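Summary of the model geometry
So the chains spell out like this:
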Amino acid sequence: MLPDSPPAFKSGFVALVGRPNVGKSTLLNTLLGKKLSIVTPKAQTTRHRISGILSESDCQIIFLDTPGIIDARTGLDASMMRQVSGAVSSADLVVFLVDARSSLPDHESLQRMHNLPAILALNKVDLMSTEAVLPLAQAYRALREWEAIVPVSALDGYNVEALLKEIRSHLPAGPHLYPEDIISEHPERFFVAEIIREKVFRRFRAEVPYAVAVTIPGFTERPGRKDLIEADIFVERATQKAILIGAGGQALKQTGMEARKEIESFLGRPVYLKLFVRVRADWRNQRVHLRNFGY
């Protein structure tokens, strides 16, 4: 049940948009004070449009974390870019993130924002001086109107509160859109699958992480016992399956241990996690598999 909204209450959808590895997922987690989006040093970790809901006394903000903007080369890439377009088209405000260390503006990504109200967030300023950011800020200011330009560090929280203040000020008037105790519209299964995929991204190298999809065919709550979670990890080739499993199954066992600990922390209860590795050849270009895997 939605709570009554006081006078002058604001609510709206805010899309976090930018290239891979500019810090969108880190920013979402920092804004919410809770880890919702998985984060790894590898590009293109985020594949879905992930919602995070921030409820405050005077506003409710539904943040939409999006995949990094890339040129689509596979069916999966095309699906990810549709996620970006969908988030932008449904947003009341865009936060456009760029790496403050960039030498030139990202013209191609800017085109995806059309004429929507937007805030420019110059991220990773903890890695450079304030003066060094100014030329890039001026270059972006010359390209379009911005509601605000805010230097931030999503990693250490520098100036994130100032960014949040700007976001609040540019939200439209509106009621609560979700109950106050809801932090995302995604179910628990979604986040469990994402946690497992994050551990694969962090543990394995080269092409293997990008060939992985995770589904949760079994999620059984067992009162008085650990919840039983069964997860399928799909890859495209038998050689990738062998790498994920490892000698004597040790690689998969370690991945499962790391994932289980974080899943238990996220859910707030103990779980028994069973992982299975399966092969679906060229799934990133097969429409039926993309649909089955939620893309």
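Structural data are supplied above this passage.
Heads up: these notes are all about the structure in this document. Given the structure is predicted, the values throughout are model-derived calculations rather than measurements.

Reading guide: rules and limits
Residues numbered from 1 in each chain as written. Predicted model: local features only at pLDDT ≥ 70, side-chain atom pairs only at ≥ 80, totals over all residues. Heavy atoms only, no water. Pairing = 2+ DSSP bridges. Helix = DSSP H or I, 4+ residues; strand = E, 2+ residues; numbered from the N terminus. Axes fitted to C-alpha atoms, helices over the stretch in contact; angles between N-to-C directions. Contact = heavy atoms within 4.5 Å. Parallel < 35°, antiparallel > 145°, perpendicular 65-115°, else oblique. Left-handed = near helix turned anticlockwise from the far one by under 90°. Nonpolar A, V, L, I, M, F, W, Y, C, P; charged D, E, K, R; others polar. Buried < 20%, exposed > 50% of the residue type's maximum accessible area, 1.4 Å probe, protein only. Salt bridge = Lys/Arg side-chain N within 4 Å of Asp/Glu carboxyl O.

1. A look at the sheet that holds strand β7 (residues 213-220)
Spatial ordering of the open sheet is given by β7-β8-β9, a layout of three strands whose pairing is mixed. Whereas interior strands pair on both sides, the edge strands pair on one side only; in this sheet they are β7 and β9 (271-279). Across the sheet, the axes of successive neighbouring strands diverge by a mean angle of 20 degrees, strand direction being ignored. Relative to strand β8 (residues 227-235), β7 runs antiparallel, the two sharing six bridges. From the neighbouring strand, phenylalanine 219 faces β8, where its bridge partner is isoleucine 229. Sitting on the sheet, helix α6 (residues 188-203) touches β7, β8 and β9, and the angle it makes with β7 is about 135 degrees.

2. So, the packing of α6 against helix α8 (residues 250-267)
Packing of α6 against α8 brings their axes to within 9 Å, and their N-to-C directions diverge by 140 degrees. One way to sum up the angle between α6 and α8 is to call them oblique. Regarding α6 and α8, the two cross each other, and that crossing is right-handed. Contacts between α6 and α8 involve Glu188, Phe191, Val192, Ile195, Ile196, Glu198, Lys199, Val200 and Arg203 on the former and, on the latter, Ala251, Gln254, Thr255, Glu258, Ala259, Glu262, Ile263, Phe266 and Leu267. Looking at the contact of α6 with α8 residue by residue, the class counts come to 10 nonpolar, two polar and six charged.

3. Description of helix α1 (residues 24-32)
Across the nine residues of α1, seven count as buried, placing the element largely inside the fold. Where α1 is concerned, the buried positions are Lys24, Ser25, Leu27, Leu28, Asn29, Leu31 and Leu32. In this fold, the buried residues of α1 make contact with β1 (10-17), β2 (50-55), β3 (59-65), β4 (93-99) and α5 (160-169). A positive backbone phi angle near 70 degrees is found at glycine 33, which sits one or two residues after α1.

4. Overview of the environment of valine 95
Looking at the element boundaries, valine 95 is found in strand β4. Of the residues examined, valine 95 reaches a relative accessible area of 0% and is grouped as buried. Here the alpha-carbon distance between valine 95 and leucine 64, two residues 31 residues apart in the chain, equals 9.8 Å. In this structure valine 95 touches Val14, Ala15, Leu16, Val17, Ile119, Ala121 and Ile167, once residues within four positions along its chain are discounted.

5. What to know about unusual backbone geometry
Even without being glycine, lysine 124 reaches a positive phi, approximately 70 degrees. Within the secondary structure, lysine 124 is located in the loop between β5 (118-123) and α4 (130-141). Phi at aspartate 282 takes a positive value of approximately 55 degrees, unusual for a residue other than glycine. Within the secondary structure, aspartate 282 sits in the loop between β9 and α9 (287-292).

6. Quick notes on the pattern of salt bridges
Throughout the structure, instances matching the rule amount to 20 salt bridges. For glutamate 198, the salt bridge identified is with lysine 199, shortest N-O distance 3.4 Å. You'll find glutamate 198 and lysine 199 in the same group, each marked buried. With a shortest N-O distance of 2.7 Å, arginine 203 and glutamate 258 are connected by a salt bridge. Taken together, the residues span a long stretch of sequence, with arginine 203 in helix α6 and glutamate 258 in helix α8 at a distance of 55 residues. Each of Lys35, Glu198, Lys199, Arg202 and Glu262 takes part in salt bridges that share partners, so that together they form one network.

7. Brief notes about the sheet that holds β3
Taking strand neighbours across the sheet as the criterion, the six strands line up as β2-β3-β1-β4-β5-β6 in an open arrangement whose pairing is mixed. Only two strands of the sheet have a single partner each, and these edge strands are β2 and β6 (148-151). Averaged over all neighbouring strand pairs, the angle between strand axes comes to 20 degrees, with direction disregarded. As judged from the four bridges shared by β1 and β4, these two strands associate in the parallel manner. Bridging across to β4, valine 14 finds its partner in leucine 93. Its contacts with the sheet put helix α2 (residues 75-90) on β1 and β3, and the angle it makes with β1 is roughly 150 degrees.

8. Here we look at the pairing of β4
Across the seven residues of β4, seven count as buried, placing the element largely inside the fold. Of the two faces of β4, both are covered, the one formed by Leu93, Val95, Leu97 and Asp99 as well as the one formed by Val94, Phe96 and Val98. With six bridges joining them, β4 and β5 adopt parallel strand pairing. Within β5, the residue paired with phenylalanine 96 across the bridge is leucine 120.

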